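Topology and contacts: notes
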Amino acid sequence: MRYAISILLIGAFIGGAVVGMLGLPGRISSQPPVEIYSDRYFPGMDRQPKLRPQKPFEFFANGVSSQLPPPGTVARSPGVATLSGVVHRFEDNPFNTGMVTGSTNFIDVNPMPMTQALLERGRQRFDIYCAPCHGRLGDGNGITKAIGDMPAVANLHDARIISMPDGEIFNTVTHGKGLMGAYGPIVPAEDRWAVIAYLRALQLSDLGTTNDLDASQQALLNHTP
Amino acid sequence: MSAIFPKWTNWLPLVLALVAALAGGAVTAGVAVYVTPKYYRVGYQPVQPVPFSHKVHAGQLGLDCRYCHSNVDKSWVANIPSASTCMNCHNQVLKDDPRLAIVRESATNNTPIPWVQIHIVPDYVYFNHSVHVNRGISCVECHGRVDQMDTVRQAKSLSMSFCLDCHRDPAAHIRPVDKVTDLGWQWDSDPAKAAKMQEINGTKFVHDWKVESLQSCSACHR
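Just so it is clear, the structure is predicted and the values come from calculations on it, not from any experiment.

Calculation criteria
Residues numbered from 1 in each chain as written. Chains lettered and ligands numbered in written order. Predicted model: local features only at pLDDT ≥ 70, side-chain atom pairs only at ≥ 80, totals over all residues. Heavy atoms only, no water. Helix = DSSP H or I, 4+ residues; strand = E, 2+ residues; numbered from the N terminus. Rg over C-alpha atoms; globule rule 2.2 N^0.38 Å. Buried < 20%, exposed > 50% of the residue type's maximum accessible area, 1.4 Å probe, protein only. Contact = heavy atoms within 4.5 Å. Buried area = accessible area lost by both parts, 1.4 Å probe. Salt bridge = Lys/Arg side-chain N within 4 Å of Asp/Glu carboxyl O. Polar contact = N/O pair within 3.5 Å; in protein donor to acceptor, adjacent residues only side chain to side chain. Nonpolar A, V, L, I, M, F, W, Y, C, P; charged D, E, K, R; others polar. Core = buried A, V, L, I, M, F, W, Y, C linked by side-chain atoms within 4.5 Å. Phe/Tyr/Trp six-rings, centres within 6.5 Å; stacked < 30°, edge-to-face > 60°. Domains from an automatic or database assignment. Axes fitted to C-alpha atoms, helices over the stretch in contact; angles between N-to-C directions. Parallel < 35°, antiparallel > 145°, perpendicular 65-115°, else oblique. pLDDT = per-residue confidence, 0-100. Lys, Arg positive; Asp, Glu negative; His and termini not counted. Expected span 1.5 Å × (residues − 1).

To continue, consider the overall build of chain B. Within chain B, the secondary structure is distributed over 11 helices and zero strands. Seen in sequence order, chain B has helices and strands lined up from the N terminus as α-α-α-α-α-α-α-α-α-α-α. A globule of 222 residues ought to have a C-alpha radius of gyration of about 17 Å, yet chain B, at 25 Å, is considerably larger. Dimensions of chain B, computed from C-alpha atoms along their principal axes, come out at roughly 95 × 50 × 40 Å. Taking all 222 residues of chain B together, the buried fraction comes to 38%. At a minimum sequence separation of 6, the contacts of chain B that also span at least 24 residues come to 69%.

Here's what the structure looks like:
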């Protein structure tokens, strides 16, 4: 009987010590997790000699695995359907630059075919990439004005921006301007054009008057119950 | 003769069997609890070089995940944003704050910020973000409420059984594609009603979008 009790006590002690040392599942730890199939005993299993994006890699001079393509490299992709036919990303075309080919004059009109889908896409991308600063209405009252105290954000309903050619806005979004950063690296060209199409719709909605409504809608508006 | 084995030795086999059973049970329980990613991966919260807070940026400011992780719906990898993405705002907000010194240096000199990676699957697993995100699988299913974490920690095990649990029954997890980055989103504030709507709409989405239930080995080990 005594033996049984002492064995149980020793068992409970070991169990308690294990739980005490290792903690319960879900505990917070800043130590790197153990790899069960560690490279030492299972070489090439969990970690194989291949590169993953954005990882340290001594081979290259700047020490990272993701490298910029060498100058002059052309990305192969199917191209995008615009009003003037299919355009590839490397072409010197208004779709890619916002400028008339071979000059620095901005194009006036969006090169994408205007569709409901384009405007929907534009709304979604505007709300992600522009609304934090310019606000969902484009009036310059985004969240960064309230919390971040960012005073200089432009009001996109400004007369100057309304009369600006589409190509110039494209250029601003692509390369940034003044205090605004460049969005070319994170928003692809077709999405930038979609955003501009939606921005035009926003501006139009702000400029609208009751005269833009058709007769039945006006009647509804003037109707007093 | 009878003095060689005293009487108590009659109990020996039983005692040994009991001890072996207890020890075996304890070891099995220990392995089941501790030798799984639920223990050794969940809760991993490394100290990051910049005290960047998702609670401030994604929660309080309400930035969409894709503002920073801009490749998550286009490619297999969810990129960590470059310092220039931070500088879009921090060229004005907290302009001279010492906490952001590394970010400013990275943006001017093109040096990498040494963020510590948290979520990782073994190299023999093929994983793809855009497939999931564009099929209405939310970040919260695999990363937890990141928008409420000051420092990101791993919330889900990402073990093989975790992946398969969903692949067997995607209808229980799928949601409208435009709600994927809205981590707190629910069908309804009433859990019973939400579960019912998940069942109805989940089945509908799986049918309409022709979502497959991928369970073959070669789906993820290719």
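So, about the overall build of chain A. Looking only at helices and strands, one finds nine helices and two strands in chain A. Its helices and strands taken in sequence order, chain A reads α-β-β-α-α-α-α-α-α-α-α from the N to the C terminus. Here the C-alpha radius of gyration of chain A, 29 Å, is well above what a compact globule of 225 residues would show, namely 17 Å. In terms of its C-alpha atoms, chain A occupies a principal-axis envelope of roughly 100 × 65 × 35 Å. Within chain A, contacts between residues separated by at least 24 positions form 43% of all contacts whose residues are at least 6 apart in sequence.

Glancing now at the interface of chain B and chain A. On the chain A side, the residues contacting the 42 residues of chain B number 49 residues. Of the roughly 3900 Å² buried between chain B and chain A on both sides combined, carbon and sulfur atoms contribute 59%. The tally of links between chain B and chain A comes to three salt bridges. Between Arg52 of chain A and Asp123 of chain B there is a salt bridge whose closest N-O contact spans 2.9 Å. Run the count over chain B and chain A and you get 20 residue pairs in polar contact (both at pLDDT 80 or more). Put simply, the parts of the chain that give the side of chain B that touches chain A at least two residues each are α1 (12-34), α2 (37-40), α4 (65-68) and α5 (83-90) of chain B. The biggest single contributor to the side of chain B that touches chain A is α1 of chain B, with four residues. Looking at the side of chain B that touches chain A, its residues break down into 24 nonpolar, 10 polar and eight charged.

Attention now goes to unusual backbone geometry. One non-glycine residue, Gln54 of chain A, adopts positive backbone phi at about 60°. Mapped onto the elements of the fold, Gln54 of chain A is located in the loop between α1 (2-22) and β1 (80-82). Unusually for a residue other than glycine, Leu158 of chain B sits at a positive phi of about 55°. Relative to the elements of secondary structure, Leu158 of chain B occurs in the loop between α8 (139-143) and α9 (160-168).

Counting residues in each nonpolar core, the largest one holds 30 residues, and the members touching the most others are Phe95, Phe126, Tyr129, Ile169, Tyr183 and Trp193 of chain A. At nine residues, helix α8 (residues 189-207) of chain A tops the list of elements feeding residues into this core. Aside from chain neighbours lying at most four places away, what touches Tyr183 of chain A is Tyr129, Val173, Thr174 and Arg192 of chain A together with Tyr67 and Asn88 of chain B.

All names here are of chain B. Using the criterion set out here, one finds 13 aromatic pairs over all chains in the structure. When the ring of Trp185 is compared with that of Trp187, the centres are 4.9 Å apart and the planes differ by 65°; the resulting orientation is edge-to-face. The two residues Trp185 and Trp187 agree in class, both being buried. Members of the aromatic cluster, joined through ring pairs, are Trp185, Trp187, Phe205 and Trp209.

Right, let's talk about the side chain of His167 of chain B for a bit. For His167 of chain B, the location among the structural elements is in helix α9. Residues within four places of His167 of chain B in sequence aside, it is in contact with His132, Ser213, Leu214, Gln215 and Cys220 of chain B.

This next bit is on the domain arrangement of chain B. The domain boundaries assigned to chain B delineate domain 1 (11-37) and domain 2 (72-80 + 121-220). Put simply, the middle of domain 1 of chain B and the middle of domain 2 of chain B, counted by C-alpha atoms, are 38 Å apart.

Right, let's get into the packing of α1 of chain A against α1 of chain B. A pair of packed helices is characterised by two quantities: the angle between their axes and the separation of those axes. Two elements in contact, α1 of chain A and α1 of chain B, have axes whose closest approach is 12 Å; the angle formed by their N-to-C orientations is 10°. By the angle class used here, α1 of chain A and α1 of chain B are roughly parallel. Packed against α1 of chain A, whose contacting residues are Ile7, Leu8, Val18, Val19 and Leu22 of chain A, the element α1 of chain B presents Val19, Leu22 and Tyr34 of chain B at the interface. Each residue belonging to the contact of α1 of chain A with α1 of chain B can be placed in one class, and the counts come to eight nonpolar, no polar and no charged.

What follows deals with the confidence of the model for chain A. Confidence in the prediction for chain A averages 89 pLDDT; 100% of positions are at 70 or higher. When mean pLDDT is compared element by element in chain A, helix α3 (residues 116-129) of chain A scores highest at 96, while α1 of chain A scores lowest at 84.

Okay, the pattern of salt bridges next. On inspection of all chains with the given rule, the structure shows 16 salt bridges over all chains. A salt bridge links Arg136 of chain A to Asp127 of chain A, with the shortest nitrogen-to-oxygen separation between them at 2.8 Å. Arg136 of chain A sits in the exposed class, given a relative accessible area of 58%. The closest approach of N and O atoms between Arg145 of chain B and Asp147 of chain B, which form a salt bridge, is 3.0 Å. In this structure Arg145 of chain B comes out as partly exposed when scored by relative accessible area, which is 31%. Exposure remark for Asp147 of chain B: the relative accessible area of 15% places this residue in the buried category.

Here we come to the side chain of Glu141 of chain B. All names here are of chain B. Here Glu141 lies in helix α8. Of the side chains bearing the opposite charge, Arg175 lies closest to the buried Glu141, which forms no salt bridge; the N-O distance is 5.0 Å. Reaching out from Glu141, the side chain makes a polar contact with the side chain of His173 at a distance of 3.0 Å. Residues within four places of Glu141 in sequence aside, it is in contact with Lys156, Phe162 and His173.

Between its first and last C-alpha atoms helix α10 (residues 191-208) of chain B spans 25 Å; for 18 residues at 1.5 Å apiece the expected length is 26 Å, and the two agree. Every buried residue of α10 of chain B is accounted for by Ala194, Gln198, Asn201, Gly202 and Phe205 of chain B.

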